[in-house]
Amino acid sequence: MKKARLFIVLVCLLAASNYLLAQEAQTTSTRVDTKGFYIGAQASTNGWGFDLKYVFNKIISLKTGVETLSVLHDFNFDENDISYGASLNYNTGGLFLLTDLNFTKNLYLSMGAAINSLNPEIKGQANSDLEYGDIIIPADKVGEFSLSLTPAYKISPYAALGFRSFLGKKERLSYNLETGFYYLGSPNIEIEATGLLAPTADPAHGQEQVLENQFSQYKFYPVVKFGVAIKLF
Amino acid sequence: MKNNFVLNRVNLFAWMFVIITFSGCSEYLNNPLIDKETGEDLNLLIIDFNFFSTSMTYKFIDAADGSLITQEANISFSGLNKNDIITFAGEKKDGFQTSMGQLELTIDPNVLISENTPFEFAINVNIDGYNSLSKGIQIQNEGKKTYELYLSKINNDEETDVIGDINFSLIKSAVQSSSSLLKSAGDEDKHYTISFSVNAADLLQFEDENGKMFLNIDEIKEAYNNSILESIPFIVFKLISSFDFVPGIELVNIDGVNRSVLFQILETGLVNRVLILGEEVVKLNDGKILISSNYTGDNLPAIFGFTEFESGSWNILGSEIVQDELKQSFTLANVIEDSVCETGGNISFHSNMISSFSIDADLYDLNNNYVTTMNFKGNFPETFLLENIPQMPLIAKFRNNNPAFAPIPSIEIEDFCSGNFEVEVSKSEDYIEYQIVLKALCEDNPDIAIAPTYNAEIRLKNSDDLWQGITMTGGVANVLGMQNQEYELRLLWDSEWEYSTYFTKFDADGNYLGPVEEGASVVSKILEDRRIQISVEKIFSQSICSDLI
């Protein structure tokens with residue numbers, strides 16, 4: 001919960017800083033023609049990747065690219081006297097097509113959509129035997145579980161507010177910072193389990209629906225993105 | 001001027017963006033593990049103790065009327081695998097008590113059971129007013145086992161007088177007890193005799209309340225002759241006997257090896273008192289009573305004689321035993337058939353309905369003599385590997401004890417020891433398929449619920465119907481029921497029944513319309529196969545939660 005709050009505050013601060021930076025840039029930059037084709041790289045909360053961007057004029061840019069992120073984290077936890085070994089496989093990223101609308105030289109509103117590959121998954125299995133009454137249940141009979149999450153919409157709308165600036169004499173190098181979100185819809189949750197936890201995954205008990213309802217408010221995927229690009233021609 | 005206009009728009013967009021972002025994210029601060037509807041901790045995990053592959057249901061039945069004995073029963077186990085029998089909470093106990101007439105136990109899942117490594121034990125049951133019962137059991141394969149244990153009442157008040165006979169060296173009392181194979185379809189003929197005798201030398205040791213009864217053999221002879229002249233019985237044995245024993249597959253020690261055989265106790269009894277010329281013997285001292293048995297039927301059984309139960313199986317003592325105390329019990333039994341298949345053929349139950357079942361089949365020989373009972377619990381279609389089946393032609397008569405099933409015709413099988421046997425089961429009219437989903441909630445730990453793999457029973461509430469066994473797997477059971485009725489569902493945990501109720505009353509969309517008992521919730525929906533699923537959530541009052549979590 002604390003992390004979630006911190007994250008929200010961070011998004012807010014970044015939005016505010018964008019705004020302030022824009023005001024600053026408005027007063028200092030000199031307008032030159034930046035029209036052209038750019039290739040760039042970016043790192044974001046939705047992964048790292050590259051993009052191709054065409055700046056049509058001072059206002060409109062079109063960009064497409066891919067980003068991907070895969071984080072594997074192993075950890076252990078205890079639940080009801082059973083020790084589980086688990087691994088979080090956090091996969092996200094996507095193929096995006098976005099339009100940037102510049103309202104100033106530096107500030108822009110980005111809109112578009114992405115084919116989203118968000119699919120975090122936690123897998124685990126008991127790694128200790130279970131003391132059950134007077135007997136020992138071997139870990140392999142306690143069972144395994146996996147819980148994965150996928151967005152409701154494979155194609156996710158995207159909106160962000162960004163700051164962009166050009167560097168160099170000819171301003172062929174640019175960098176940008178943007179904050180925004182993908183709209184994912186209520187997440188789909190898939191549970192698989194064997195052994196002791198098998199009923200949790202049994203559709204008859206509807207536990208997937210219960211969890212989907214509980215997590216239904218998480219419809220947005222927050223994005224903080226930093227990118228650099230170089231003008232090809 | 002233009003710059004100001006643009007800046008104002010940016011300002012506006014920026015703040016709109018922040019507001020939209022925040023409004024969209026405000027619910028992110030809600031804890032998803034708190035139930036949105038109740039505000040309580042979310043039931044996150046549903047668990048099942050499905051690591052047990054063998055369940056054992058013991059039913060304690062009055063042999064006289066077939067009813068469950070609901071007096072306090074003390075149960076213990078002996079034999080090779082006695083320590084591997086546990087409760088569903090994983091507890092090993094020296095003894096178990098129940099007054100429910102039945103008991104649900106299981107086997108340590110770490111113990112391998114197979115034809116090569118059979119699971120061998122004996123159950124010993126003591127219930128006030130009934131003869132104690134011991135039964136040796138050998139399990140060849142895993143699965144759901146049901147054992148119906150018939151106990152006969154002790155006839156404390158019914159002594160049988162046995163009048164003796166005498167010669168110089170031996171005082172002999174040839175007497176009869178009558179018995180016949182139980183449930184032998186009207187065959188009440190006696191198949192054996194039991195006689196009691198005392199050597200004159202032993203009789204010299206007997207004492208009444210005044211001391212030794214005779215000083216020498218001549219005195220015995222004189223007393224005996226006088227009794228003949230006066231037509232007074234010289235020696236009378238006062239017996240207490242029981243005869244209501246059901247045959248069944250038992251473990252018998254034959255030539256040092258425990259073997260499953262078709263076995264029947266013919267009679268148990270004890271010499272309660274001995275009267276000599278009307279005077280009661282109070283002490284035998286070193287004197288002995290010889291008890292002899294003799295089979296008088298046409299077909300000599302494979303083994304006949306006195307037996308005693310020891311270390312999980314029956315030992316054959318022979319046709320004569322000697323007792324040196326009064327009130328020592330004796331057991332006369334015979335092995336009807338010693339050719340028993342440890343594992344036999346396969347029997348399959350098919351139906352066009354989706355349902356679990358508990359079907360009982362009584363086996364009879366071709367002379368309509370009861371042999372044993374087989375019990376099958378599962379879900380259609382299911383195949384069972386038969387075990388401990390007598391190798392003889394048998395007729396399987398399926399009990400018509402489930403109103404939801406149409407009567408199942410009997411099948412006559414030449415040899416159950418091999419082959420595949422098919423049984424088709426159809427449902428009765430007016431019965432509909434339902435799916436019951438049970439989730440046991442624990443009052444002190446709402447995070448976890450239990451969806452048990454367990455034997456349960458249902459019946460129409462407030463009816464005299466027999467309880468119908470259903471097979472519940474992970475809390476899910478396919479059952480049959482009539483529309484617009486209230487049903488009771490119960491499962492036996494730690495010698496207590498846990499009851500739930502549900503109605504089969506729904507609207508056109510399958511929504512539950514029946515009342516809901518306190519501490520429970522019941523919802524329903526239509527499944528893809530058009531059956532109605534009834535989900536019952538109930539806070540269990542029993543120790544099931546504390547035992548498991």
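Analysis parameters
Residues numbered from 1 in each chain as written. Chains lettered and ligands numbered in written order. Predicted model: local features only at pLDDT ≥ 70, side-chain atom pairs only at ≥ 80, totals over all residues. Helix = DSSP H or I, 4+ residues; strand = E, 2+ residues; numbered from the N terminus. Contact = placed C-beta atoms within 7 Å. Buried ≥ 20, exposed ≤ 12 C-beta atoms within 10 Å, placed from the backbone. Pairing = 2+ DSSP bridges. Core = buried A, V, L, I, M, F, W, Y, C linked by C-beta atoms within 7 Å. Expected span 1.5 Å × (residues − 1). Axes fitted to C-alpha atoms, helices over the stretch in contact; angles between N-to-C directions. pLDDT = per-residue confidence, 0-100. Arc of directions from axis to C-beta.

Bringing the overall build of chain B into the picture now. When its secondary structure is counted, chain B shows 4 helices and 40 strands. Across chain B, contacts joining residues at least 24 apart in sequence account for 68% of those joining residues at least 6 apart.

Our next topic: the overall build of chain A. When its secondary structure is counted, chain A shows 4 helices and 13 strands. The buried share of chain A, reckoned over its 233 residues, is 37%. Across chain A, contacts joining residues at least 24 apart in sequence account for 64% of those joining residues at least 6 apart.

Taken together, the 4 strands give an open sheet; going across it, the order is E4-E6-E2-E9 (chain B), and neighbouring strands pair in mixed fashion. The open sheet is flanked by strand E4 (85-86) and strand E9 (143-151) of chain B, the only strands paired with a single partner.

Grouped together as the largest cluster of nonpolar side chains are 136 residues, with contacts concentrated most on Phe 60, Val 125, Leu 151, Leu 262, Phe 263, Ile 436 and Ala 456 of chain B. When residues no more than four places from it in sequence are discounted, the contact partners of Leu 262 of chain B are Pro 247, Ile 249, Val 335, Ile 336, Glu 337, Val 340, Val 371, Thr 372 and Pro 390 of chain B. Membership of the second largest hydrophobic core comes to 17 residues, among which are Leu 107, Tyr 108, Leu 109 and Leu 184 of chain A.

Between its first and last C-alpha atoms helix H3 (residues 217-229) of chain B spans 19 Å; for 13 residues at 1.5 Å apiece the expected length is 18 Å, and the two agree. Where H3 of chain B ends, the next residue or the one after it, Ser 231 of chain B, has phi of about 55°, a positive value.

So, on to the sheet that holds strand E8 (residues 133-139) of chain B. Residues and elements named next belong to chain B. In space, the 4 strands of this open sheet follow the order E5-E3-E7-E8, with antiparallel pairing throughout. Of all the strands in the sheet, the pair left with one neighbour each is strand E5 (96-98) and E8. Direction aside, neighbouring strands of the sheet carry axes that sit 25° apart on average. Strand direction decides the pairing type here: strand E7 (residues 119-127) and E8, joined by 7 bridges, are antiparallel. Within the sheet, the bridge partner assigned to Ile 123 lies in E8 and is Lys 135.

Residues and elements named next belong to chain B. Here Phe 380 and Pro 381 are connected by a cis peptide whose omega angle stands at -15°. Tracing the chain through its elements places Pro 381 in the loop between strand E27 (370-379) and strand E28 (382-390). Positive phi is not limited to glycine here, since Ser 231 has a value of about 55°. Counting through the fold element by element, Ser 231 comes out in the loop between H3 and strand E16 (235-242). By the C-beta count within 10 Å, which is 6 here, Ser 231 ends up exposed.

Another point: the pairing of strand E25 (residues 340-350) of chain B. Residue and element names in this part refer to chain B. In terms of strand pairing, E25 meets E28 through 7 bridges, oriented antiparallel. Within E28, the residue paired with Ser 348 across the bridge is Thr 383. For E25 and strand E31 (residues 420-424), the ladder comprises 5 bridges, and the chain directions are parallel. Its bridge partner lying in E31, Ile 347 is registered against Phe 421.

All names here are of chain B. For chain B, per-residue confidence averages 86 on the pLDDT scale, and residues scoring 70 or more make up 88% of the total. Throughout residues 167-187 the model reports pLDDT below 50, and contacts reaching past four residues in sequence, or to other chains, amount to 63 contacts. Prediction confidence for the complex, expressed as pTM and ipTM, is 0.81 and 0.78 respectively.

On to the environment of Ile 61 of chain B, then. Among the secondary structure elements, Ile 61 of chain B is positioned in strand E2 (residues 54-62). When sequence neighbours within four positions are dropped, the list of residues in contact with Ile 61 of chain B reads Gly 66, Ser 67, Leu 68, Ile 69, Glu 148, Leu 149 and Tyr 150 of chain B.

Mapped onto the elements of the fold, Thr 501 of chain B is located in strand E38 (residues 496-503). With residues up to four places along the chain from it excluded, the contact list for Thr 501 of chain B reads Lys 461, Glu 486, Tyr 487, Glu 488 and Glu 517 of chain B.

Once that is clear, we can look at helix H4 (residues 207-214) of chain A. Note: α-helices contain 3.6 residues per turn, so residues at a spacing of three or four share the same orientation. Turning to H4 of chain A, its buried residues number three or more, namely Gln 207, Leu 211 and Gln 214 of chain A. Angularly, the buried residues of H4 of chain A cover 60° about the axis, an arc narrow enough to put them on a single face. As for H4 of chain A, its buried residues are in contact with strand E12 (188-193) and helix H3 (198-201) of chain A together with strand E1 (45-47) of chain B.

Before going further, it helps to spend a moment on the confidence of the model for chain A. If pLDDT is low for a region, its predicted coordinates should not be looked at in detail. Residues and elements named next belong to chain A. In the predicted model, chain A carries a mean pLDDT of 85, and the fraction of residues at 70 or more is 86%. Helix H1 (residues 2-28) is the least confidently modelled element of chain A, averaging 48 in pLDDT, while E12 averages 94, the highest of any element. Note on residues 24-30: pLDDT is under 50 here. Beyond four places in sequence and across chains, it has 8 contacts.

Further remarks concern the environment of Gln 97 of chain B. Residues and elements named next belong to chain B. Inspection of the secondary structure puts Gln 97 in strand E5. Sequence spacing of Gln 97 and Ile 75 is 22 residues, and the spatial spacing of their C-alpha atoms is 6.1 Å. Setting aside its immediate chain neighbours within four residues, Gln 97 contacts Glu 72, Ala 73, Asn 74 and Ser 495.

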